[in-house]
Amino acid sequence: MIGRVQLPSPRPASGSVLRIPSLDRRQILKSGLALGAGLVMGLRLAPRAAAAEAAAGEGLNAFVRIAPDGTVTVLSKHIEFGQGTYTGLATVLAEELDADWSAVRVEAAPADAQRYANLFFGIQGTGGSTAMANSWGQMRTAGATARAMLVAAAAAEWEVDASEITVAAGIVRHAGSGREAGFGPLAERAAGIEPPAEVALKDPSEFTLIGREDLPRVDVPAKSRGEASFTFDFSVPEMLTAVVAHPPRFGAKVASFDDAAARKVPGVVQVVAVPQGVAVLAEGFWAARQGREALSVEWDESGAETRGSAEILAGFRQKTRQPGAEVRKDGDPEGALAGAAKVLEAEYEFPFLAHAPMEPLGCVVRVGDGEAEAWAGSQLQTVDQGTIAAILGLDPSKVRLHTLLAGGSFGRRATPTADIAAEAAAVAKAAGTARPVKLVWTREDDIRGGYYRPPYVHRLRAGLDAEGRLVAWHQRIVGPSIVTGTPFEAALVQNGIDSTSVEGASTLPYAIANLGVDLHTEPVGVPLLWWRSVGHTHTAYSTETFLDDIAREAGQDPVELRRALLAEHPRHLGVLELAAGKAGWGSPLPEGRTRGVAVHESFSSFVAQVVEVSVGKGGMPKVHRVVCAVDCGIAINPDNIRAQMEGGIGFGLGAALHDEILLEEGRVRESNFHDYRSLRIHEMPEVEVHIVASAEPPTGVGEPGVPPIAPAVANAWATLTGESVRRLPFRRALQERS
Amino acid sequence: MKVTIDVNGETRELEAEAGTPLLWVLRESLGLTGTKFGCGVAQCGACTVHLDGRPVRSCVMPVESVGDRRVTTIEGLSGDVADAVRTSWEEIQVPQCGYCQSGQVMTTIALLSRDRSPDDDAIDGALAGNICRCATYPRIRRAVHGAAGRLKGGRG
């Protein structure tokens, strides 16, 4: 396992199969509705609401509860960390329930792999932009089933035929008798009714909430008023705060430590060794941090990664000359390259990247007698729960895990090692205290703590014939595997190919007769992780900028070339045409400004972006405007889709312009936002988002906005300056040039 | 040591070690968790509070240096500017994860309290120290303009 923490691999609950969408994603998506319908019986498995829950209403199934005052509480099996899932899931359920939107609330569902599995994963968890796609059928069915139970309750109460009852905006009516009631008075009776085995779902033409422009997010008022509570804000009585001194190099361990000075810091309660380092437990954050400052730790670095980024990347570059494991081969790419009139070649380098969510990482654990309770912004609940249980020697059913709102994640809270939950449990165990423990990471812990987007080197070659037509394409990718050695390996690594290393390259949509992709998997001793849009973060960049190089060489317009090569891909073509049209592709621009385009599919959503760029301060690109077109199937919450595209663009742009994690002799150079900079408001372009009307089942929007932005900017930059940027971030590429 | 500070219009007496940042006194001693920890080094703005109406980074301000200045946190906001900003934030649907938004709102209120018609450059200048990793920046700009419009009586 790549990572500092060696733990027994947590496995999903007995009998379930860990299934992550990968190559068979489309098939899974197509069966989404069937999966949902199949769950009608599954919903019945929900136990009657526990006493505490009953106070807040009657559970009609695992996903909805209705209170006597008519409040509809939707239980979200997915974490909300900004992507809008709470609102999205509630919209879908409330649509089929015919609820009054103003009465809808959302709560995190408890950790429970049986009731609340991600239907694409087989365990509970959020990632791969799957929340809406996997829940679409399930939440519709849950809403429709609850509606049918309310109707049956009303029919029984009013002694009328259920088929004569209508429901709209939270009111149940029987026109014949003139009777009507809100959901509240009917809820208790409805909860006792056997759910129907089958329910009819609405025709999309009947939707009143799905697709509505003015449906507000459920979490916005609290988040605008400082009232939303995150893990950092969470507390329980008698709670201690813990920080951990981590080794300066990945793979190092504690050799010895002197805690005499740390223990003298007022407020410090305990200092304990844990597998991850040395933990200081104190009455509050500041005392814990001061205690850690006062610690003296000797590290055993014999097993540590001591290479720097430069050495790691140099090793990768050497591999670009040797054939790798075959990922895709259409036609005869090598033969066609050998016979080409003109061959283009380019090599790309991508750095380590940290996720740096605004809320640093944390987890609260309370160890009781034969049981435990934990609170965290948990993204892979089943893995976190199983890991805490394994460390504490408990059955997972004895660990109650509460999912809290998280201040961003971008993938960081979804670790196959459950690193934060594991560290919190290890600290609580080592301390042996009955007091609850809140583990918190500082920003320095976060930036230097690993679980990075891995570095990669790509080598691309293209062959043009005498007429300038693209006849051959070969892409070689060199880099580490994110998932090898994790519970996700079986699902995501096939024939030695980690699909997360090549996605976007292996799925290149362009009509090229001779197309090859191969891969060298090169381990590094640094914990690695998916980072918002995963493999697409680098494959979209190399493929989309290389295609522009080809267009320039062939004297073709970049949009024209893509249009010609995408004839068989209507959804790619749809977003390309929409973005190009709305951006006025080809129309005059102010002096010193150029346009660039990129189109990319990720997580079954299609996004094209056209940017306008000039040379800004310090010779860096200044991005003025981004026109973005997205096709994510049925648009559940259009305003949230726009927000996610805006956010993905800003997130991707910040990393492309400024950010890298640089290892120097195995030590991380960056430590906080002064040197891991992030995009700031004055660098944020105007963003205009256009959504393709679609009747396809909904797909994700959390990640797909990210991949096209960096290559679109690079393409505009190349047109503007004649310079192809092949190393990210721009800041480094442009510094090294000058 | 004993410290006396004025927070949200109330005089609070409390015990704190010298050098403890105001942020942790607010969050842990007074339970005012609306003010967030993001970086600890005055780089991200999540911990922004007002001292006598001016925005400061509470994560690097030792509590004993507050003196008799009035501390206002997001929990203690009132007045027409605060109302306009909160209303505009909801109308434009600014937050995503929401973690930085207290700081964004506090900085915006301080800006609009001294400049009721900021242009984009003024907005960018005032908010350049507030990081949003979700990049809600376009909506923050719109919401600041929206709040400015409300204060002029143009809307709401």
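What counts and how
Residues numbered from 1 in each chain as written. Chains lettered and ligands numbered in written order. Predicted model: local features only at pLDDT ≥ 70, side-chain atom pairs only at ≥ 80, totals over all residues. Heavy atoms only, no water. Pairing = 2+ DSSP bridges. Helix = DSSP H or I, 4+ residues; strand = E, 2+ residues; numbered from the N terminus. Axes fitted to C-alpha atoms, helices over the stretch in contact; angles between N-to-C directions. Contact = heavy atoms within 4.5 Å. Buried area = accessible area lost by both parts, 1.4 Å probe. Salt bridge = Lys/Arg side-chain N within 4 Å of Asp/Glu carboxyl O. Nonpolar A, V, L, I, M, F, W, Y, C, P; charged D, E, K, R; others polar. Buried < 20%, exposed > 50% of the residue type's maximum accessible area, 1.4 Å probe, protein only. pLDDT = per-residue confidence, 0-100. Patch = residues over 30% accessible without salt bridge, like charges linked within 9 Å, V, L, I, M, F, W, Y side chains within 5 Å. Areas by Shrake-Rupley, 256 points an atom, 1.4 Å probe, with all protein chains shown as cover. Lys, Arg positive; Asp, Glu negative; His and termini not counted. Charge placed at Lys NZ, Arg CZ, Asp CG, Glu CD. Phe/Tyr/Trp six-rings, centres within 6.5 Å; stacked < 30°, edge-to-face > 60°. Polar contact = N/O pair within 3.5 Å; in protein donor to acceptor, adjacent residues only side chain to side chain.

(A) Up close: the sheet that holds strand 5 (residues 165–168) of chain A. All names here are of chain A. A sheet is described by the order of its strands in space; here 3 strands give the open sequence 5-6-7, paired in antiparallel fashion. This sheet does not close on itself; its edge strands, each paired only once, are strand 5 and strand 7 (179–182). Across this sheet, the average inter-strand angle for adjacent strands is 20°, counted without regard to direction. Sheet analysis places strand 6 (residues 171–174) next to strand 7, joined by 4 bridges and oriented antiparallel. In the sheet register, Arg-173 faces strand 7, and the bridge partner there is Glu-180. Sheet strands touched by helix 7 (residues 183–191): strand 5, strand 6 and strand 7. Its angle to strand 7, the strand with the most contacts, is close to 85°.

(B) Region of the structure containing the interface of chain A and chain B. Contacts between the two partners involve 56 residues from chain A and, on the opposite side, 45 residues from chain B. Of the roughly 4,300 Å² buried between chain A and chain B, counting both surfaces, carbon and sulfur atoms make up 57%. If you sort the residues of chain A by the area they bury against chain B, Trp-286, Met-358 and Ile-681 of chain A come out on top, with a joint share of 19%. Where chain A meets chain B, there are 5 salt bridges. Lys-36 of chain B is the salt-bridge partner of Asp-233 of chain A, the closest N and O atoms lying 2.4 Å from each other. No other element matches the 8 residues that helix 21 (residues 638–658) of chain A contributes to the side of chain A that touches chain B. When grouped by side-chain class, the residues that make up the side of chain A that touches chain B number 26 nonpolar, 16 polar and 14 charged.

(C) Representation of the pattern of salt bridges within the structure. Residues and elements named next belong to chain A. Considering all chains together, one arrives at 66 salt bridges over all chains under this definition. Residue Lys-319 is joined to Glu-522 by a salt bridge in which the shortest nitrogen-to-oxygen separation is 3.8 Å. Highlighted residues: Lys-319 in helix 11 (residues 309–319) and Glu-522 in the loop between strand 23 (514–521) and helix 18 (536–554), separated in sequence by 203 residues. Of the residues examined, Lys-319 reaches a relative accessible area of 24% and is grouped as partly exposed.

(D) Local environment of the sheet that holds strand 3 (residues 48–51) of chain B. Residues and elements named next belong to chain B. In space, the 5 strands of this open sheet follow the order 2-1-5-3-4, with mixed pairing throughout. On the outer flanks of this sheet lie strand 2 (10–15) and strand 4 (54–57), each paired with one strand and no other. When the angles between neighbouring strand axes are averaged without regard to direction, this sheet yields 40°. For strand 3 and strand 5 (residues 70–72), the ladder comprises 2 bridges, and the chain directions are antiparallel. Bridge assignment links His-50 to a residue of strand 5, and that residue is Thr-72. Together, strand 1 (2–7), strand 2, strand 3 and strand 5 form the strand contacts of helix 1 (residues 22–29), whose direction differs from that of strand 1 by roughly 80°. Across the sheet, helix 3 (residues 101–114) is in contact with strand 3, strand 4 and strand 5; its angle to strand 3 comes to roughly 35°.

(E) Inspection of the confidence of the model for chain A at higher detail. With 92% of its residues at a pLDDT of 70 or more, chain A has an overall mean of 92. In this model residues 1–55 of chain A is a low-confidence stretch, pLDDT under 50, and it forms 109 contacts with partners more than four residues away in sequence or in other chains.

(F) Just a negative patch on the surface, in detail. On the surface, Glu-686 of chain A together with Asp-119, Asp-120 and Asp-121 of chain B cluster together into a negatively charged patch. Within the secondary structure, Asp-121 of chain B is located in helix 4 (residues 120–127).

(G) Just the packing of aromatic side chains, in detail. Taken as a whole and assessed by the stated rule, the structure comprises 17 aromatic pairs over all chains. Measuring from centroid to centroid gives 6.2 Å for Trp-136 of chain A and Phe-207 of chain A, while their planes differ by 85°, and the two rings are edge-to-face. Of this pair, Trp-136 of chain A sits in helix 6 (residues 131–158) while Phe-207 of chain A sits in the loop between helix 7 and helix 8 (220–224); the two residues are 71 residues apart in sequence, bridging distant segments of the chain. One aromatic cluster in this structure is built from Phe-232 and Phe-285 of chain A together with Trp-24 and Phe-37 of chain B.

(H) Inspection of the side chain of Lys-202 of chain A at higher detail. Residues and elements named next belong to chain A. Relative to the assigned elements, Lys-202 resides in the loop between helix 7 and helix 8. What makes Lys-202 buried here is its relative accessible area of 13%. There is a polar contact of 2.7 Å between the side chain of Lys-202 and the side chain of Glu-95. Non-local contacts of Lys-202, meaning those with residues more than four positions away in its chain, are made with Glu-95, Glu-96, Asp-98, Arg-140, Phe-207 and Thr-208.

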